[in-house]
Amino acid sequence: MKRTLIYTVMMVALAGTANAACYADYKAKRDDPLRLHYGVVEIRGECSANAAAAELEPRLAQDDWQLLSIEGVFDDAGLEERRESAGDYYLRY
């Protein structure tokens, strides 16, 4: 009985983590003329900087933007504080 309860608690905890929202803030550029932007994007895969970069690069490339850096990854708690800084690039890609 104890073991079943422990497994149940672990599965619920893992399920909650798997469904947690993940976001990344990033910097990108476009050449000729040089333009830069800072943005926030939702990450659908693994919540890590490397996974965010791999997921974001093709999205940006569709509009001729080049990813410069992933500044960090975060959950819902850090989302609203970045809205103003990201401006038009808040959840755009």
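Values in this document were obtained by computation on a predicted structure and should not be read as measured data.

Draft legend 1. Focus on the side chain of arginine 30. Note that arginine 30 resides in strand 1 (residues 22–30). No salt bridge is formed by the buried arginine 30; the nearest opposite charge belongs to aspartate 64, separated by 5.5 Å. From its side chain, arginine 30 meets the backbone oxygen of aspartate 63 in a polar contact 2.5 Å long. Among residues more than four places away in sequence, those in contact with arginine 30 are Arg35, Asp63, Asp64 and Trp65.

Draft legend 2. Spotlight on the sheet that holds strand 2 (residues 35–43). Pairing is antiparallel in the open sheet, where three strands are placed in the order 2-1-3. Every other strand in the sheet has two partners, leaving strand 2 and strand 3 (66–74) as the edge strands with one partner each. This sheet shows a mean twist of 20° between the axes of neighbouring strands, independent of strand direction. Direction of pairing for strand 1 relative to strand 3: antiparallel, over a ladder of seven bridges. Bridge pairing in strand 3 places aspartate 25 opposite glycine 72. The strands that helix 2 (residues 49–61) touches are strand 1, strand 2 and strand 3; relative to strand 3, the one it contacts most, it runs at about 140°.

Draft legend 3. Structural context of a nonpolar patch on the surface. Together, Leu34, Leu36 and Leu68 make up an exposed nonpolar region whose accessible area comes to about 330 Å². With respect to the helices and strands, leucine 36 occurs in strand 2. You can call leucine 36 exposed: its relative accessible area is 61%.

Draft legend 4. Focus on the environment of alanine 52. Summarising the element assignment, alanine 52 is placed in helix 2. The exposure class of alanine 52 is buried, given its relative accessible area of 0%. Taking the C-alpha atoms as reference points, alanine 52 and valine 41, separated by eleven residues in sequence, lie 8.7 Å from one another. With residues near it in sequence (within four places) discarded, alanine 52 still touches Ala24, Ile43, Ile70 and Val73.

Draft legend 5. How the structure looks around the pattern of salt bridges. Across all of its chains, the model carries five salt bridges by this definition. What you see here is one network of salt bridges that share partners, running through Asp25, Glu81 and Arg82.

Draft legend 6. Quick peek at the nonpolar core. Residues Tyr26, Val41, Leu56, Leu60, Leu67, Ile70 and Tyr93 are the most contacted members of the largest nonpolar core, which totals 15 residues. Where this core is concerned, the elements lending two or more residues are strand 1, strand 2, helix 2 and strand 3. Those residues in contact with leucine 67 that sit more than four places away from it in its chain are Tyr26, Lys27, Ala28, Ala53, Leu56, Glu57 and Leu60. In this structure, Tyr23, Val40, Ala86 and Tyr90 belong to the second largest nonpolar core, which totals six residues.

Scoring rules and cut-offs
- Residues numbered from 1 in each chain as written.
- Predicted model: local features only at pLDDT ≥ 70, side-chain atom pairs only at ≥ 80, totals over all residues.
- Heavy atoms only, no water.
- Helix = DSSP H or I, 4+ residues; strand = E, 2+ residues; numbered from the N terminus.
- Buried < 20%, exposed > 50% of the residue type's maximum accessible area, 1.4 Å probe, protein only.
- Lys, Arg positive; Asp, Glu negative; His and termini not counted.
- Salt bridge = Lys/Arg side-chain N within 4 Å of Asp/Glu carboxyl O.
- Polar contact = N/O pair within 3.5 Å; in protein donor to acceptor, adjacent residues only side chain to side chain.
- Contact = heavy atoms within 4.5 Å.
- Pairing = 2+ DSSP bridges.
- Axes fitted to C-alpha atoms, helices over the stretch in contact; angles between N-to-C directions.
- Patch = residues over 30% accessible without salt bridge, like charges linked within 9 Å, V, L, I, M, F, W, Y side chains within 5 Å.
- Areas by Shrake-Rupley, 256 points an atom, 1.4 Å probe, with all protein chains shown as cover.
- Core = buried A, V, L, I, M, F, W, Y, C linked by side-chain atoms within 4.5 Å.

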